[in-house]
Amino acid sequence: LRHRREREQANHHCDGAAVKYKSGYRYKLDEAYLQTLPFEVFDASVKGWVVIVDHKLAVANGYAWDGASTGLPWTPKAWLRPSLVHDALYQLIREGQLPMERRKHADVLFYHLLRENHVNPVLATVAYWAVRVAGNYCLRKGRATKEAP
C-alpha cells in the first residue's frame, strides 16, 4: 500500500512537461566561496548565486561553472579557483550587474590568481591573453535554455 501511495504521489507531481536545463557546467561548489576584489566596484548580484558587497565577491554554495577552457577534458586544480572567480565576474558583466569596463579587471585578477596558485608564468600569461582575446565572445554567448522530454 505504501509503494502504491508513493507512485500515485510521484505521478501527481509529474505533468509530462519538458525538463529545462543548461548544459556545459563541470564543477559545482560544495560550500560558499569569498574573494576580496583588488579593484573598486559597486555592490552587485545575480539571483543570489553571485554577490558583491563591500569589495568582496561571494559565490553561493551550489554555484556551477565550467572551469577553465584549457583544451583538456578537465581543469587542473590550480586553475579551479581562478576560473571560478573569473566566471562569476563574467556572469555579473553578462547580466548587466557590472559594467563592461570591469572585464579587464576580471582578466587581470584571473592572471594573478593563477600566479598565486604557482601556475607557470608562461602558462598564466597565455591564459590571460586567451581570455582577453576570447572574452567578448564568452560575454555575449551566455547559455541557452534547452529542453528534454
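Structure: see above.
Residues numbered from 1 in each chain as written. Predicted model: local features only at pLDDT ≥ 70, side-chain atom pairs only at ≥ 80, totals over all residues. Heavy atoms only, no water.

K.L.:
Got a sec to walk through the environment of Val 119? Specific residues and values, please.
P.N.:
Looking at where Val 119 falls in the secondary structure, it is placed in the loop between helix H3 (102-116) and helix H4 (121-141). Between the C-alpha atom of Val 119 and that of Ala 78, which follows or precedes it by 41 residues, the distance is 6.8 Å. If sequence neighbours within four positions are ignored, Val 119 has contacts with Ala 78, Trp 79, Leu 114 and Ala 124. (Helix = DSSP H or I, 4+ residues; strand = E, 2+ residues; numbered from the N terminus. Contact = heavy atoms within 4.5 Å.)

K.L.:
Tell me about the pattern of salt bridges, residues and numbers included.
P.N.:
In this structure the tally under the stated criterion is three salt bridges. The salt bridge partner of Glu 116 is Arg 81, with a shortest N-O separation of 2.8 Å. Residue Glu 116 is found in helix H3, and its partner Arg 81 is found in helix H2 (residues 77-94); the two are separated by 35 residues along the sequence. Residues Arg 132 and Asp 107 are paired through a salt bridge, measuring 2.7 Å at the closest nitrogen-oxygen approach. One end of the pair, Arg 132, is in helix H4; the other, Asp 107, is in helix H3, and 25 residues separate them in sequence. Residue classification places Arg 132 among the partly exposed residues on the basis of a relative accessible area of 22%. For Asp 107, a relative accessible area of 0% puts it in the buried group. Each member of the salt-bridge network shares a partner with another, and the members are Arg 103, Asp 107 and Arg 132. (Salt bridge = Lys/Arg side-chain N within 4 Å of Asp/Glu carboxyl O. Buried < 20%, exposed > 50% of the residue type's maximum accessible area, 1.4 Å probe, protein only.)

K.L.:
Lay out unusual backbone geometry in plain terms, naming residues and giving numbers.
P.N.:
A positive phi angle, close to 50 degrees, is found at Asp 54, a residue other than glycine. Within the secondary structure layout, Asp 54 lies in the loop between strand E5 (50-53) and strand E6 (56-59). Asp 54 gets classed as exposed once you look at its relative accessible area, which sits at 59%. Of note, His 118 is a non-glycine position whose phi angle comes to about 65 degrees, a positive value. Along the polypeptide, His 118 turns up in the loop between H3 and H4.

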